[in-house]
Amino acid sequence: MKSYTIRVNGVAYDVEVEERGAGASAVSAPVPVTRVEPSAPAPAPAEAPKKSSGGAGGTKVTAPMPGKILAIKANEGASVKKGDVILLLEAMKMENEVVAPKDGTIASIDVNSGDMVEAGDLLATLD
């Protein structure tokens, strides 16, 4: 038997692998493994700087689903009406319009074109 430590998504697993001869059967019973917690979390990948400090306005516009920011259609300081497109979000190979939830002024755009976002991430704020 040989012992290995395998890391999957930042979690380490100790596994044992049995070496077999040429005539050995390929079917065997499962071998229990011990889960080993990582000593320190893996460092987060470096992110591009955001366009602004974020959170400047009173109304937050968040990502409805995970995806990639394709385009930013409104600039900071621009007046928008309820339903105006602020940015385009690609999710599941479809372009989704993220719109202003109310009339106001764009206080901040908190993402850049090309950024990957998760559901609930702050995209922009309105005054």
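As a starting point, this report considers the structure included with it. These figures come from a predicted structure and were not determined experimentally. Numbers given to residues run from 1 along each chain, matching the order in which its sequence is written. Residues qualify for local features only when their pLDDT is at least 70, as the model is predicted, and side-chain atom pairs are given and counted only at 80 or more; totals for whole chains, interfaces and linings, by contrast, use all residues. Side-chain numbers come from the whole structure's heavy atoms, not from hydrogens or water.

**Section: the overall build of the protein chain**
At step 1: On a plain count of helices and strands, the protein chain comes out with zero helices and 11 strands.
At step 2: In the protein chain, the order of α-helices and β-strands from amino to carboxyl end is β-β-β-β-β-β-β-β-β-β-β.
At step 3: Relative to its 127 residues, the protein chain shows a buried fraction of 25%.
At step 4: Here, residues are in contact when the closest pair of their heavy atoms is within 4.5 Å. At a minimum sequence separation of 6, the contacts of the protein chain that also span at least 24 residues come to 55%.
At step 5: With the model as given, the accessible surface of the protein chain reaches about 8,600 Å², and the carbon-plus-sulfur share is 53%. Strands here mean DSSP runs of E at least two residues long; helices mean DSSP runs of H or I at least four residues long; both are numbered from the N terminus. Exposed residues in this analysis have more than 50% of their type's maximum accessible area, buried residues have under 20%, and partly exposed residues fall in between, with area computed by a 1.4 Å probe over protein chains only. Each accessible area value is a Shrake-Rupley result obtained with a 1.4 Å probe; residue values ignore everything except the protein chains displayed when judging cover.

**Points about the sheet that holds strand β6 (residues 79-80)**
At step 1: Across the sheet, four strands lie side by side as β4-β11-β9-β6; this open sheet has antiparallel pairing. Across the chains shown, the open sheet's two edge strands, defined by having one partner strand only, are β4 (59-62) and β6.
At step 2: Whether two strands pair comes down to DSSP finding at least two bridges between them. Pairing geometry for β4 and strand β11 (residues 122-126), over four bridges, is antiparallel. Within β11, the residue paired with Val61 across the bridge is Ala124.

**Digging into the sheet that holds strand β7 (residues 85-91)**
At step 1: Here we have four strands laid out as an open sheet, ordered β8-β7-β5-β10, and antiparallel in their pairing. Each edge of the open sheet carries a strand with a single partner, namely β8 (94-99) and β10 (116-117).
At step 2: Direction of pairing for strand β5 (residues 67-72) relative to β10: antiparallel, over a ladder of two bridges. The residue of β10 that forms the bridge with Lys68 is Met116.

**What about unusual backbone geometry?**
At step 1: Although it is not a glycine, Met92 adopts a positive phi angle of roughly 50°.
At step 2: Tracing the backbone through its elements, the reader meets Met92 in the loop between β7 and β8.
At step 3: Residue classification places Met92 among the exposed residues on the basis of a relative accessible area of 73%.
At step 4: Of note in this structure, Lys93 is not a glycine but carries a positive phi near 65°.

**Focus: the side chain of Thr59**
At step 1: Among the structural elements, Thr59 can be located in strand β4.
At step 2: Taking relative accessible area as the criterion, Thr59 reaches 18% and is therefore assigned buried.
At step 3: Within 3.5 Å is the distance limit for a polar contact, defined as a pair of N or O atoms, with the added protein rule that one can donate a hydrogen and the other accept it, and that residues adjacent in sequence qualify only through two side-chain atoms. One polar contact links Thr59 to Lys102, side chain to side chain, over a distance of 3.2 Å.
At step 4: For Thr59, the contacting residues outside a window of four places in its chain are Pro101, Lys102, Ala124, Thr125 and Leu126.

**A look at the environment of Ala78**
At step 1: Turning to its location among the elements, Ala78 is positioned in the loop between β5 and β6.
At step 2: Looking at Ala78, the relative accessible area reads 25%, which means it is partly exposed.
At step 3: Linking Ala78 and Ser108, residues 30 residues apart in sequence, is a C-alpha distance of 9.9 Å.
At step 4: Those residues in contact with Ala78 that sit more than four places away from it in its chain are Gly104, Thr105 and Ile106.

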